Structure formats: structure tokens, C-alpha cells
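# Observations on chain architecture
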Amino acid sequence: MEFTSSFSDRLNTNYCPSDKEISEIKSVIAAKQSIVGDIDRQIEALAERRAKYSDFIKDHSVLLSPFRRSPTDVLSSIFSACLPPPNGVRNSKIHPAIAISHVCKQWRHLAIAHPLLWCQFEVFHPILPRPRFAGYSNRFTPAALAIYRSDLAIYRRQLDKVKDMLLAWISRSANCPITFTLKSQDIPSLEYHGPSSTPPSANGAIVDILCDVSARWKCASFDLWISTPTSPLLKFSQLSPQDVPQLERVRHRVGFSSDMNWDESRILERRMIGIGLFGGPSIRKLVIDRLSPSLDSMSVNWATLTDLELDDSHRILARTGQAIELITSVLKVCHQLTRLGVKIIGGWQSESTASDLILPNTTRIPLPYLTSVSIRGESTPSVFASSLQLPMLHTLSLLCEADEHTEAGLVEWMTTFGEALTDVTLLFTGLTENVFNHCLEHLPNATTLRLLESHRPRYWPASNDAVDLNADPEIDPSSHISILQRLTPRVNDYERELQCYCPKLQKFAFRMQDVVFNEEDLVEFVAARRKLPLPSSSRLKTVIVKFSFRQQMDLREELHRQDVDMEDFRLITKYNTMDQAYMGSSNSFISRFEELGDLPVEDQIVVTDVWLHGNLTL
């Protein structure tokens, strides 16, 4: 038989063949090896044949792809759904429009012919090279001049790419409204000059390209640095409201060089008053971070605004001592406002005018549609809330540090609007215990509470007893009173519910710098809020906490051990680690929490170590 031999009965035994038998066995093996070789060649030929059939099937199956039969309007809708939110992705290989246009020839033609894919873009002006290796005489050596010329050549090529990109995107967007971000700076005056070393005037070309299509602007975000009163970037301030008929949202951030003299600065400040694009007929959202002392005289279409953010980080209003007066005069004409954000650094008003601003009830500024207010700064204004009539207000963010001398503004907001608020964010650093209790007491309907602590030291008295709101605080540096004790539902021996602040709380977020409470306190708080609620208490759904120490407990495991129902409950905790303590870089800290992208901005500031600028999303 094919698979037997004269030695088959010797297999799997201890038989030792003779020399003659060894030769016979080798002949048998050689014969079979020849057959195996023939089979291997057949297998290789079959595998090659199979691969050809597989490639044939694969290539022809592509013709059956649903995308090949999909109507172009369906593909266009799918492409549009891939677009990021405004200002979300730069013009690079990761932008959906670029990725889609590089899939295949058909998709490229379709993408380029689809204007909506090219309506959102960002323009980043390349950084101008500075002269290097110049001597103390402020003159180039031959070697330094050669290097500088080489750097300028690279700069020109980068600039050409930016202009070509901008022209391509504007051309492909056809006549559709466009959304863009421009980050640009003036070419600084150089101290070192050599033959043919003057760089090109680059800003003007980019500004001209954008201004030529200003009638199509829908959303514009400017981040500009201006060095001279003749800057090409100032052309944006010369646009009239008629030049931007479709403009709905504007974010305007501008900085002036400290090298300019006083007269030049005054010229630029006056130009800020007359920026015509703020007065467009369609303007709805406006963010300004360089305010004018004549804020109420700026050319803004205040009456159409629904979202407004005023950022006085440059202390322009603060230096006038009339920040509140100017802001309230603007609010008087913002009849459609739904969201308001204000940041004042350096003081809200002078002492001589603070007492004159409070208006009688009948003359308070009515803002019937305002639902959200955010105030940031060194202190909460003490007469602002008393000047407003806000029947629809439900969201309040007060990120202002306070002490016993400046906490009156916070008390005023809580007393005036606290019972209507459902979403509250507070920077509680510096508050005395009686004022903090007063705030919580006036939030009976709050469903979301965020408490943030800054680096300032905080000392509270140890007593939980009620104290007079007007009494002087008792400072006890050695005591730490758990904030969670004030928010944890409790019952006495008679199963009667004791007082609990914020009984309707569903989301709680806390960012600590010092040890305000520990993990055991948090477990007790969550357990009490998650178990069958008391008659007047709501069930907690979300907890976000940034601890100031290293993790010592598995919170989820402990909650399970206590039979706490974790279904539909979200717990996010962040801890400090040793490398965080030594890095000192908030950007590094944030980079670890990329998974928090699904959280609202207000929740992200809880677990990050910086304030996120701007509350209004363009």
C-alpha cells in the first residue's frame, strides 16, 4: 500500500535496524520526500491561483459597494455630517474636507464641488523670523545675514502656502456664508537691518483676501496683535455694518504693542470705538476682550444681541472706576439678550459712585430673556444684581474671589435670584462660613452645583451652628469643615428629615486645592443622595471631583460595598500625582483628560487646573 513499507511493523518500537536495512529505509524516505515536494509545488500553484481568484472577487465586489450607487446628494449629506463644530479643526490633513477629498477621484470631485465642506477654516499667520547672531553694534555679520536671508526665504514660502490655502478654501466655498478664525500679528520693527533684509508685508495680503468676501462672513474670530497705527490688520476696523450683512457671531481679541507711544495708543483706542463689523444687521453673538472707556458709544448693534461677553482683562474699564455704570448702560439696550458673560480685572467702580447705582424696583433694567449670567474677576460687584430685573434667570456662574470685605456682591446675587437658580457655579475661596451657608440656603431649586477653590488659603470656624450673617467671622486655622456635610441628607432617631441644603441637587462638581473633604466624606455623600431619596430630596446623578491628594480608595468599589445603586450614575474623579506637583504646567495637566471632551465647558474647569477663557461658543 501507499503508506506501508516492509518496516511498518517495526514502527513505534525499540527496533534497531541493521546497516543494510538503514539503506533501505533511506530509499523509502527519499521516494516519499519526492512525492511531498510535488505536493508542495501543487499547493504553491493552488495558493497562487487562489490569490488570483480572491483578488478578482475583491476587485469586482468593490463595484457592488453601496457608496457607488448612493446619490450624490446623499454622499454630500454624509460629508457635511463629518464637519467639526465651528473653529474645531485647523486646515490640516485631519480636517474632514481634506481627508474626504483624498479618498478617491470621485470623492475628490464631489468634495471640491460641495461648498459647505469649505466654509469653516482657520488662518494662522506664520511667525516672522527674528535676526540672530547680531553683534552689540546691532549690525549683521556676514554669516548672520546669510542665515537671516535663509530664514526669510522659508518664511516667504510658508506665507505663500497660507495665502494659497486661504484662496483655495474661499474659492471652493463658492457663495456660501463662511466661518473663520484669524490669528495674526504685525511685522515688528526690526532693530537689525542688512542689505535686502526687509521682510515682506504679509498681513495686508491676507487681510485683503478676507475683506474682499466680508459680505459672506457668518462667524468671525479674530486674535490679533497690533504694533503700529498703520497696521494692515486695522482694515478690519474700517468695515461698515453694510459690509457684513450676514455676520452673526464675532469674537474679537486684540492686543497692542507696549512699544507704541501714548499718542499711538490713543489713536488705536479711538478706532476700537468705531469698529463697524460689530454693528452688522444680523449680529447675534459678540465677544470683545478689549473694551473701550466709551463702551456705550461703540458701534454695536446692541438691540439684536442674544449672547454677549465683555472681557476687561486689559483693565481699561477698571481704570475708569465706572465699569458697572458702563456695562449697565449697555444692558439697557440689549433687549434680546439670553446669555451674558463679564470679566472685570482691577475693580468694578469707585467708592464715590457705588452707592449711586442702585435703582428703585420700578427702574431696574429689564432683561426678560436673559437665562445665563457669568461673572469673572477679582471680586463680585456689590450693586450689580440690584440693578437688574431677570425673570428668566436660571444659570449663574460667579468666578470671583472674595473676603469679608468683598463678599457682599455674592450675598446680593444669592438673595435676589437664588431661589430661581437651577445651575450654579461658585468660586468659594475666601468666603466666611456664614456667607457660604447663606448661599446654599438660598439655592433650594439648584439641580447643578459647582464649587471651585483657588490657591488662596481658606479658614472657616469649626461650628456647624447657625450664625448671624452680619456677625464677624471666627477664624480657626486648624479646622476643616466638610462642605459635603451641608449637602448630605440626614434623618434623626425619629426618622425625620433634617435640614439639607440644595435638596434637588442632581449634579455636584468640586475642585479643591486644599484638603476640604476626604474620600470617605464623598462616599457618605453619594450614598445618602443615591439611596432611596427622602421626600424633599432628589436622586444624585453625576459627581465630578478633583482632589488635591493622591488616591487612597477605590470609590466605586466602596459604593458597591455599601449597596449603592450605580445604574445611570456617573462618577468622575481626578487626583494629584507626584509628577503633577513638580511639572507646574497646567497644559500638561489638561492633556491627560482628553476623555473629558464630552463634558460641558463648565464641568471641564472643575477637573482642570486653569480657567477656560470664554463662556460663549462661536
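Reading the values: rules and limits
- Residues numbered from 1 in each chain as written.
- Predicted model: local features only at pLDDT ≥ 70, side-chain atom pairs only at ≥ 80, totals over all residues.
- Heavy atoms only, no water.
- Phe/Tyr/Trp six-rings, centres within 6.5 Å; stacked < 30°, edge-to-face > 60°.
- Helix = DSSP H or I, 4+ residues; strand = E, 2+ residues; numbered from the N terminus.
- Buried < 20%, exposed > 50% of the residue type's maximum accessible area, 1.4 Å probe, protein only.
- Lys NZ or Arg CZ within 6 Å of the ring centre and 35° of its normal.
- Arc of directions from axis to C-beta.
- Contact = heavy atoms within 4.5 Å.
- Salt bridge = Lys/Arg side-chain N within 4 Å of Asp/Glu carboxyl O.
- Pairing = 2+ DSSP bridges.
- Core = buried A, V, L, I, M, F, W, Y, C linked by side-chain atoms within 4.5 Å.
- pLDDT = per-residue confidence, 0-100.

Here the structure, examined in full by the defined rule, presents 20 aromatic pairs. Note on Phe222 and Phe236: the rings are 4.8 Å apart at their centroids and 50° apart in plane angle, and the pair reads as tilted. A residue pair is termed long-range when its members are at least 10 positions apart, and Phe222 in strand S3 (residues 217–226) and Phe236 in the loop between S3 and strand S4 (249–256) qualify at 14 residues. With respect to class, Phe222 is no different from Phe236; both count as buried. Taking the centre distance of 4.9 Å and the plane angle of 20° together, the rings of Phe547 and Tyr575 count as stacked. Highlighted residues: Phe547 in the loop between strand S15 (542–546) and helix H16 (555–561) and Tyr575 in the loop between strand S16 (570–574) and helix H17 (578–583), separated in sequence by 28 residues. Neither residue differs from the other here; Phe547 and Tyr575 are each classed as buried. Aromatic rings pair up to connect Phe428, Phe436, Phe508, Phe510, Phe517, Phe525, Phe547, Phe549 and Tyr575 into one cluster. The ring of Tyr15 is capped by Arg10, whose NZ or CZ atom sits 4.7 Å from the centre of that ring. The ring of Trp118 is capped by Arg172, whose NZ or CZ atom sits 4.6 Å from the centre of that ring.

Attention shifts here to helix H3 (residues 72–81). Those residues of H3 that sit buried are Leu75, Ser76 and Phe79. One side of H3 holds all its buried residues, which, seen down the axis, span an arc of 100°. Residues of H3 that are exposed and point over 90 degrees away from its buried face: Asp73 and Ala81. Taken together, the buried residues of H3 touch helix H2 (66–69), helix H4 (96–101) and helix H5 (105–112).

Let's shift gears to the pattern of salt bridges. One pass over the structure, following the stated rule, counts 14 salt bridges. Notably, a salt bridge pairs Asp603 with Lys507, separated by 2.8 Å at the nearest N-O pair. Here Asp603, found in helix H19 (residues 601–607), pairs with Lys507, found in strand S14 (residues 507–511); they are 96 residues apart in sequence, far enough to count as distant. Both residues of the pair, Asp603 and Lys507, count as buried. One network of salt bridges, in which partners are shared, links Asp423, Arg450, Lys507 and Asp603.

Our next topic: the pairing of strand S9 (residues 372–377). In terms of burial, S9 is largely enclosed, as 6 of its 6 residues are buried. Neither face of S9 is left uncovered, since the one carrying Ser372, Ser374 and Arg376 and the one carrying Val373, Ile375 and Gly377 both have all their residues buried. Bridge analysis of S9 against strand S11 (residues 395–400) gives 6 bridges, and the strand direction is parallel. Within S11, the residue paired with Ile375 across the bridge is Leu398.

It is worth spelling out the nonpolar core at this point. Residues Trp217, Phe236, Leu277 and Trp413 are the most contacted members of the largest nonpolar core, which totals 132 residues. For this core, the element with the most residues is helix H6 (residues 142–172), which contributes 9 residues. Ignoring any residue separated from it by four or fewer positions in sequence, one finds Leu277 in contact with Trp217, Phe222, Phe236, Leu239, Val244, Leu247 and Val250. Ranked by size, the runner-up nonpolar core spans 10 residues in total, among them Leu399, Leu427, Ile605 and Val607.

On to the confidence of the model for the chain, then. Predicted coordinates in regions of low pLDDT should not be interpreted in detail. Residues of the chain with pLDDT of at least 70 account for 75%, and the chain-wide mean is 78. For the stretch residues 350–357, pLDDT sits under 50, and the model shows 10 contacts to residues farther than four places along the chain or on other chains. A low-confidence stretch, residues 578–594 (pLDDT under 50), is modelled with 19 contacts involving residues beyond four sequence positions or located in other chains.

Among the structural elements, Ile209 can be located in helix H7 (residues 203–211). Taking the relative accessible area as the measure of exposure, Ile209 reaches 15% and is therefore buried. Note: C-alpha distance between Ile209 and Leu166 (43 residues apart in sequence) is 7.9 Å.

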